[in-house]
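Residue-level structural notes
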Amino acid sequence: MSLQSSAVVRKRRTCFAIVCLAATAALFQAGAMAKAGNCTPGATLRLSAPESSQGSLLLIEVKNAKPLAEVQGDWDGRSVPFWRESASEAQRKGLLAVDLDKAPGEYDLKVTGQTASGEKISCSARVAVRKGRFATEKLQVGKQFVEPSPEQIKRADEERQKLRDIFDRVTPERLWDGKFRVPLEGVTTGSNFGRRRILNGNPGSPHSGVDLPGATGTPVHATQRGRVVLAEELFFAGNTVVVDHGLGIYTLYGHLSEIDVQAGDELEAGAVLGKVGATGRVTGPHLHWGLTVERARVNPLQLVRLLGNSSGAAARQKSSKRRTN
């Protein structure tokens, strides 16, 4: 075989491999679940991926031969929220959230529950956490955001504690209904999640959200149904809205030019909650979109991949906002 023919064959094999990998990825993204762990007879446990990484989400599915009355999970001392999504009484879904700074290693997942007739069920599995691959970036920001005054430090600490207190509260019922979406129309991806930042030459905290591109004044939509639990200006995040979706799931929208909701509002999926801006510690207009699940900081785009539709179709439907104050 000539060198030219060999090159053609290698190229074809490479293209075939790429096509196969792409097809496999498409199947995985479409919601393929892999059986995992050990369960009591009649029950099965499936995960959306065989392992996880820092700042990621895994979808969990529990099925049983008999109708289930309740299911709860525990992963390394952190609760795993479960809900019923289908018409089947014998199936539950949950989210396992890996915090951005969780140490790599293997951790035990335990799922317990009981059937409608009172029989106990249980499943267990080991879930590996890999180190996240996060880039480092250097940014120049206002001096006050790197060397804040004592008054600004006090304010930032109080706001940080306020957010912690919010994320510690778990609404026991599911508030969302349907698919999650990216909060900006026409945007399907974002950047900078987990990046280690050097601010004016000084190491900063990792970036705990996704930056979505948008011009000042672009409408920001609620990613799903929920209740506004914070709507105010914060020192670092600027004008900020936090929405509680229930079961320990919160989304955060930062650097807004304006806020169009207030704490206590109940939002439908796609409702406009503010406008893109450049308030707080920023280098230009964009939307900082964050996600916290059971106090774990995770990539919100994974929530869309696992439980939603990134095309933003929900926002094209009629949405509403009703005040409860």
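Conventions used here
- Residues numbered from 1 in each chain as written.
- Predicted model: local features only at pLDDT ≥ 70, side-chain atom pairs only at ≥ 80, totals over all residues.
- Heavy atoms only, no water.
- Salt bridge = Lys/Arg side-chain N within 4 Å of Asp/Glu carboxyl O.
- Buried < 20%, exposed > 50% of the residue type's maximum accessible area, 1.4 Å probe, protein only.
- Helix = DSSP H or I, 4+ residues; strand = E, 2+ residues; numbered from the N terminus.
- Disulfide = S-S within 2.5 Å.
- Pairing = 2+ DSSP bridges.
- Lys, Arg positive; Asp, Glu negative; His and termini not counted.
- Polar contact = N/O pair within 3.5 Å; in protein donor to acceptor, adjacent residues only side chain to side chain.
- Contact = heavy atoms within 4.5 Å.

Points about the pattern of salt bridges
- Scanning the model with the defined rule gives 19 salt bridges in all.
- For the salt bridge of Lys 93 with Glu 85, the shortest nitrogen-to-oxygen distance reads 3.2 Å.
- Look at Glu 85 and you get partly exposed, because its relative accessible area is 41%.
- The shortest N-O distance in the salt bridge between Arg 126 and Asp 108 comes to 2.9 Å. Of this pair, Arg 126 sits in strand β11 (residues 120-130) while Asp 108 sits in strand β10 (residues 105-115), placing them 18 residues apart in sequence.
- Overall, Asp 108 belongs to the partly exposed group, its relative accessible area being 38%.
- Within the structure, one salt-bridge network assembled from shared partners comprises Asp 99, Asp 101 and Arg 297.

Some points on the state of the cysteines
- Summed over all chains, the structure comprises 1 disulfide.
- Note on cysteine connectivity: Cys 39 is disulfide-linked to Cys 123, with sulfurs 2.1 Å apart. Between Cys 39 and Cys 123, the S-S dihedral sits near 115°, and the bridge is therefore right-handed. Of this pair, Cys 39 sits in strand β2 (residues 38-39) while Cys 123 sits in strand β11; the two residues are 84 residues apart in sequence, bridging distant segments of the chain.
- A relative accessible area of 26% means that Cys 39 is categorised as partly exposed.
- Judged by relative accessible area, which is 3%, Cys 123 ranks as buried.

Concerning unusual backbone geometry
- Unlike most non-glycine residues, Leu 247 shows phi in positive territory, near 60°.
- With respect to the element layout, Leu 247 can be found in the loop between β18 (238-246) and β19 (249-256).
- Of note in the backbone geometry, His 255 takes a positive phi value of approximately 70° without being a glycine.
- Of note, His 255 is situated in strand β19.

Some remarks on the sheet that holds strand β3 (residues 43-47)
- Taken in spatial order, the 5 strands make up an open sheet running β1-β3-β5-β9-β8, and their pairing is antiparallel. Because the sheet does not close on itself, it has two edges, and the strands there are β1 (34-35) and β8 (82-83).
- Pairing of strand β5 (residues 57-64) with strand β9 (residues 91-97), which is carried by 7 bridges, proceeds in the antiparallel orientation. Considered in β9, the bridge of Leu 58 is made with Leu 96.

Considering the side chain of Glu 61
- Considering the arrangement of structural elements, one finds Glu 61 in strand β5.
- Within the buried set, Glu 61 has no salt-bridge partner at all; the shortest N-O distance to an opposite charge, 4.0 Å, is to Lys 63.
- A distance of 3.3 Å separates polar atoms of two side chains, one belonging to Glu 61 and the other to Gln 91.
- When neighbours within four sequence positions are excluded, Glu 61 is seen to be in contact with Met 33, Thr 44, Leu 45, Arg 46, Gln 91, Arg 92 and Lys 93.

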